[in-house]
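# Structural description and commentary
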Amino acid sequence: MTAIEAPTVPGGAPASAPRVTRARTGIIAVAVLVVLAAAPFMLAPFATTTLTRVLVFALFAVSLDLLVGVTGLPSLGHAAYLGAGAYAAGWVSINVTAEAPVPLLVGAGFGALAAALTGWVTVRSHGVFFLMLTLAIGETLQQLADTWETVTGGANGLTGIPAVRLAGTPLANAGFTYWYVLAVGVIGFALVVMVARSPFGAALRGIRDNEPRMRALGYSTARYKYAVIVMAGAVAGLAGALLVAQQRLVTPADMGFATASFALLAVIIGGAGSLWGACLGAALVIIIRDALGPSLDGHGTLVLGIVFVLVVYLLPRGAAGLRIYRRRR
Amino acid sequence: MLVSVLNGFSVGFLLFVLAVGLSIVFGMMDVLNLAHGALFLCGAYLGATFAGGWGGFLGALGLAAVFGLVGGGLLSLMTEPLRKRSHLDQALLTLGVALVAAEVLAIVFGDDPLSVAAPPGLNDSVQVFGVSYPTYRLVIIGVGAVLALAVYLVVERTRLGALVRATVADREMVSVLGVDNRLVKAAVFAIGSVLATTAGVLGGPIYGARPGLDATVLILALVVVVIGGLGSVRGALIGALIIGQVDIVGKYLLPDLSSFILFAALALVLVLRPQGLFGGPVGTAGAR
């Protein structure tokens, strides 16, 4: 991919979009938010819970998209940072306090810490090699969660996590939990969008499009990559804190190979680099896995695997790429 | 301690059989085959199905070879339309295939872990330096060493091996010389897959067969390939023996945190020699 192609990549140059488009995007964003906020009034509790899971997974997918789409670093180990945040938030909720901002901050902090401790190994690599290293790192972290029973509860997971408390009151029902997840998810999403649109984000896209050239221009690309890996880890940890707020349980399976591949699938379905697309991809993944899964005898993974193969063949730029592609013709 | 070291060797040789196929396919064609672990698991389930006698064991080995040939050929065919696209797309395709394959295996064989008995005559223990040790694991060390030698001789001493090494070194030049790249790729893919399914049958009595095993062995194989260097048979052997020891001795010394030791070994090699112990120059290691 050359630098000249760059602006056609979805989300590549949002700042320079014409004013009409930007206004329209703003209206759509507000409308989506209103519909999402009103959803618990219209849906059954089970559907609300599913939608909560969609939001959690969407935030996770967006944090992965910061690596995959914006910086061009395909990661298969990102679920490990989600898991680090989830375990940390769960542990704090059980042993210290479940009062609202604390589990979130601890989750994001531990996500960032786990990324900082492991990410430096990968910064000199890119492409398939990066994919391979992150896969190995993610899996070793998962095994750590599996074997370190005194802290993580081993294969049974960390159980008995109390509900999040907001100003002393626990969030007892699915609707309140949903709004909590929505509020935090929107903040997380906004943070990622801000990073992607900042000059720092522009440098990241430069690394994606032509790393040797960025290096020649005097950018320390390894340092930029390390910074974005830690940031993405923090947002993934935040998503992990939301995950325990919703399911009140975290097991090693939550941070495994399957979770990491589904997040990557969500990003690719949405079109790498399109943060909105990643949210839609996450919705599709969770609906197939959690809502349709039971009617498929628990084999939603099979359907997702087939979807994965089809997407790779048919949608090289993801769903968000379809529109762009047509317009260019 | 001696038992741990011996265990490390048996796991190491098993890992070599698994990893060398991954290493050569990746080194040659830049296709990272993430379905490699699923092929191993396929072999393990075949072994579990036919376990019992020598007939069943050898039959499982034969069937595993057929499965490997067909599976490798299919994977090679499936990645062919993506040849013009990025290597990442090919890796993602094999990831999708791996998910489907693991799920199909779970549907066919159920979610419960299966244990596999070693063939009769090998399922007891012998005395090694005064310690009783399972015979089967000693046999694995022997079989692994023979396979390692065979792969080494084929790659280093035959015409096909020369072609493989030439393709690792300079793919364009080999195709300019009139060799059909696709055939070489399909052949190497098939052989690599046969090695993976064979490792699955051989590893059955050690690892058993269970859902999730595919990811576990895939990671070990990837770490071996990273440590040993891409496309190098010698590297895969040394890497596999190191990781076998690190994994087993690590579990013996620090049972809770053994995965940290694996990570530490990986990180250490990447810091000191980013291209792996026996890899080529740095530029070729990162798949461009």
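Since we're looking at a predicted model, the values are computed, not measured.

Rules used throughout
- Residues numbered from 1 in each chain as written.
- Chains lettered and ligands numbered in written order.
- Predicted model: local features only at pLDDT ≥ 70, side-chain atom pairs only at ≥ 80, totals over all residues.
- Heavy atoms only, no water.
- Helix = DSSP H or I, 4+ residues; strand = E, 2+ residues; numbered from the N terminus.
- Buried < 20%, exposed > 50% of the residue type's maximum accessible area, 1.4 Å probe, protein only.
- Contact = heavy atoms within 4.5 Å.
- Areas by Shrake-Rupley, 256 points an atom, 1.4 Å probe, with all protein chains shown as cover.
- Rg over C-alpha atoms; globule rule 2.2 N^0.38 Å.
- Lys, Arg positive; Asp, Glu negative; His and termini not counted.
- Charge placed at Lys NZ, Arg CZ, Asp CG, Glu CD.
- Salt bridge = Lys/Arg side-chain N within 4 Å of Asp/Glu carboxyl O.
- Polar contact = N/O pair within 3.5 Å; in protein donor to acceptor, adjacent residues only side chain to side chain.
- Nonpolar A, V, L, I, M, F, W, Y, C, P; charged D, E, K, R; others polar.
- 1 Å grid on protein atoms, 1.4 Å probe; cavity = no way out; pocket = protein on both sides within 12 Å on 5 of 7 lines; lining within 4 Å.
- Points joined across faces, edges and corners; volume = space filled by probe spheres on them.
- Phe/Tyr/Trp six-rings, centres within 6.5 Å; stacked < 30°, edge-to-face > 60°.
- Expected span 1.5 Å × (residues − 1).
- pLDDT = per-residue confidence, 0-100.
- Core = buried A, V, L, I, M, F, W, Y, C linked by side-chain atoms within 4.5 Å.

## Here's the deal with the overall build of chain A
Scanning chain A for helices and strands turns up 14 helices and two strands. Out of the 329 residues belonging to chain A, those deemed buried represent 55%. Of the contacts made within chain A by residues no fewer than 6 positions apart, 78% connect residues no fewer than 24 positions apart. Accessible area of chain A: about 14,000 Å², with a carbon and sulfur share of 69%.

## So, the overall build of chain B
For chain B, the count of helices and strands is twelve helices and two strands. Along its sequence from the N terminus, chain B presents helices and strands in the succession α-α-α-α-β-β-α-α-α-α-α-α-α-α. In summary, chain B has a C-alpha radius of gyration of 18 Å against a globular reference of 19 Å for 288 residues, a match within 12%. Relative to its 288 residues, chain B shows a buried fraction of 55%. Taking the contacts inside chain B whose residues are at least 6 apart along the sequence as the reference set, 76% of them involve residues at least 24 apart. Each charge class in chain B can be summarised by its mean position, and for the 15 positive and 14 negative side chains these summaries are 11 Å apart.

## Things to note about the environment of B:P120
All names here are of chain B. Position of P120 among the secondary structure elements: in the loop between helix 4 (87-109) and strand 1 (125-128). Residue classification places P120 among the partly exposed residues on the basis of a relative accessible area of 38%. Between the C-alpha atoms of P120 and A150, which are 30 residues apart in sequence, the distance is 26 Å. In this view, P120 contacts G52, G53 and W54; residues no more than four positions away in its chain are not counted.

## Comments concerning the interface of chain A and chain B
Listed per partner, the contact involves 39 residues of chain A and 46 residues of chain B. Linking chain A to chain B there are zero salt bridges. At the junction of chain A with chain B, the criterion picks out one residue pair in polar contact (both at pLDDT 80 or more). Listed by contribution, the elements that provide at least two residues to the side of chain A that touches chain B are helix 4 (101-119), helix 5 (127-147), helix 11 (257-270) and helix 13 (300-314) of chain A. Of the residues contributing to the side of chain A that touches chain B, the split by class is 26 nonpolar, eleven polar and two charged.

## Topic: empty space enclosed by the protein
All names here are of chain A. Taken as a whole and assessed by the stated rule, the structure comprises seven cavities of 30 Å³ or more. Size it by volume and the largest cavity reaches roughly 70 Å³. Residue lining of the largest cavity: L67, S75, G77, H78, Y81, G119, T122, F130, T134, I137 and I229, and that is the complete set. The element contributing the most residues to the lining of the largest cavity is helix 5, with three residues. For the lining of the largest cavity, the residue count by class is five nonpolar, six polar and no charged.

## Re the pattern of salt bridges
Side chains that differ in charge, positive against negative, can pair when their charged atoms come close. If you walk through the whole model with that rule in mind, you get six salt bridges over all chains. A salt bridge links B:E80 to B:K185; the nearest nitrogen and oxygen atoms lie 3.2 Å apart. On the criterion of sequence distance, the pair formed by B:E80 in the loop between helix 3 (54-79) and helix 4 and B:K185 in helix 8 (residues 181-207) is long-range, its members being 105 residues apart. What you see here is one network of salt bridges that share partners, running through A:R53, A:R289 and A:D290.

## A closer look at the packing of aromatic side chains
Residues and elements named next belong to chain A. On inspection of all chains with the given rule, the structure shows ten aromatic pairs over all chains. Consider the rings of F41 and W179, whose centres lie 5.4 Å apart with planes at 55°: the pair is tilted. Residue F41 is located in helix 1 (residues 19-42), and its partner W179 is located in helix 7 (residues 174-197); the two are separated by 138 residues in the primary sequence. Judged by its relative accessible area of 67%, F41 is exposed. On the basis of relative accessibility, which here comes to 28%, the residue W179 falls in the partly exposed class. Ring geometry for F200 versus Y224: centroids 5.5 Å apart, planes at 20°, classification stacked. One end of the pair, F200, is in helix 8 (residues 199-209); the other, Y224, is in helix 10 (residues 221-247), and 24 residues separate them in sequence. Residue classification places Y224 among the partly exposed residues on the basis of a relative accessible area of 23%.

## Quick word on helix 2 (residues 36-50) of chain B
All names here are of chain B. For helix 2, spanning 15 residues, the distance from its first C-alpha to its last is 22 Å, which sits close to the expected 21 Å at 1.5 Å a residue. Of all 15 residues making up helix 2, 13 are buried, and the element is well covered by its neighbours. Immediately downstream of helix 2, the backbone of G52 shows phi near 135°, a positive value.

## Side note on helix 5 of chain A
In a regular helix each residue adds 1.5 Å, so 21 residues correspond to 30 Å; helix 5 of chain A covers 31 Å between its end C-alpha atoms and thus fits that length. The buried count for helix 5 of chain A comes to 18 of 21 residues, which makes it a mostly enclosed element.

## Brief notes about the environment of B:L114
Residue and element names in this part refer to chain B. Within the secondary structure, L114 is located in the loop between helix 4 and strand 1. Linking L114 and A101, residues 13 residues apart in sequence, is a C-alpha distance of 18 Å. Filtering out sequence-adjacent residues up to four positions away, L114 remains in contact with Y45, A48, G208 and A209.

## Notes on the confidence of the model for chain A
Residues and elements named next belong to chain A. In the predicted model, chain A carries a mean pLDDT of 83, and the fraction of residues at 70 or more is 90%. Model confidence for chain A, summarised as mean pLDDT per element, is weakest for helix 14 (residues 318-328) at 49 and strongest for helix 10 at 93. For the stretch residues 1-16, pLDDT sits under 50, and the model shows 21 contacts to residues farther than four places along the chain or on other chains. Counted against residues more than four places away or in other chains, residues 323-329, with its pLDDT under 50, gives three contacts.

## Quick notes on the nonpolar core
A:F57, A:M132, A:Y180, A:L264 and B:L32 are the most contacted members of the largest nonpolar core, which has 170 residues in total. The leading source of residues in this core is helix 2 (residues 45-70) of chain A, at 14 residues. Among all residues touching A:F57, those that are not within four sequence positions of it are A:T259, A:F262, A:A263, A:A266, A:A282, A:V285 and A:I286. Judged by nonpolar contacts, the second largest core, of twelve residues, contains B:A60, B:A64, B:L202 and B:I206.

## Observations concerning the side chain of A:E139
Locating A:E139 in the fold gives a position in helix 5. B:R210 provides the closest opposite charge to the buried, unpaired A:E139, separated from it by 8.8 Å.

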